[in-house]
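Structural description and commentary
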Amino acid sequence: MSLSKEQRRARRRRIVRRAVALAQEIHTEDEEARREMVLTLINQAIDIPGLTEKMERRILDSILDLIIDLATEAKENRNG
């Protein structure tokens, strides 16, 4: 059974939030290590059809700051 569009979107959001949270816990002071960990986790968990892994990694790297900001903001909003 394949996932619906909404289920795929929710899965991607969970992956991103968890990757950012884990990287923030493990690499509290080292921002570059945190970036690399988030990039690696997301790249391994999410497949973008039609792109090679190298291309996916480049795309994710170019928008990583936005991804981290959005995930952090969502976490802060949930916590009140």
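See the structure shown above.
In short, a report on the structure. (Residues numbered from 1 in each chain as written. Predicted model: local features only at pLDDT ≥ 70, side-chain atom pairs only at ≥ 80, totals over all residues. Heavy atoms only, no water.)

Let's talk about the side chain of Arg35
Structurally, Arg35 is set in helix α2 (residues 31-45). At 2.5 Å, the side chain of Arg35 forms a polar contact with the side chain of Asp65. In contact with Arg35, other than residues within four places in its own chain, are Asp61, Leu64, Asp65 and Ile68. (Helix = DSSP H or I, 4+ residues; strand = E, 2+ residues; numbered from the N terminus. Polar contact = N/O pair within 3.5 Å; in protein donor to acceptor, adjacent residues only side chain to side chain. Contact = heavy atoms within 4.5 Å.)

Some words on the environment of Arg57
Along the polypeptide, Arg57 turns up in helix α3 (residues 53-62). Taking the C-alpha atoms as reference points, Arg57 and Arg13, separated by 44 residues in sequence, lie 17 Å from one another. Among all residues touching Arg57, those that are not within four sequence positions of it are Glu36, Leu39, Thr40 and Asn43.

Side note on a positive patch on the surface
A grouping of Lys5, Arg8, Arg11, Arg12, Arg13, Arg14, Arg17, Arg18, Lys75 and Arg78 is seen on the molecular surface, where their side chains present a positively charged patch. Of all the secondary structure elements, the ones that give two or more residues to the positive patch are α1 (5-26) and α4 (64-79). Per-element accounting of the positive patch gives the leading share, 8 residues, to α1. Position of Arg12 among the secondary structure elements: in helix α1. Among the residues examined, Arg12 registers a relative accessible area of 36% and is labelled partly exposed. (Patch = residues over 30% accessible without salt bridge, like charges linked within 9 Å, V, L, I, M, F, W, Y side chains within 5 Å. Areas by Shrake-Rupley, 256 points an atom, 1.4 Å probe, with all protein chains shown as cover. Salt bridge = Lys/Arg side-chain N within 4 Å of Asp/Glu carboxyl O. Lys, Arg positive; Asp, Glu negative; His and termini not counted. Charge placed at Lys NZ, Arg CZ, Asp CG, Glu CD. Buried < 20%, exposed > 50% of the residue type's maximum accessible area, 1.4 Å probe, protein only.)

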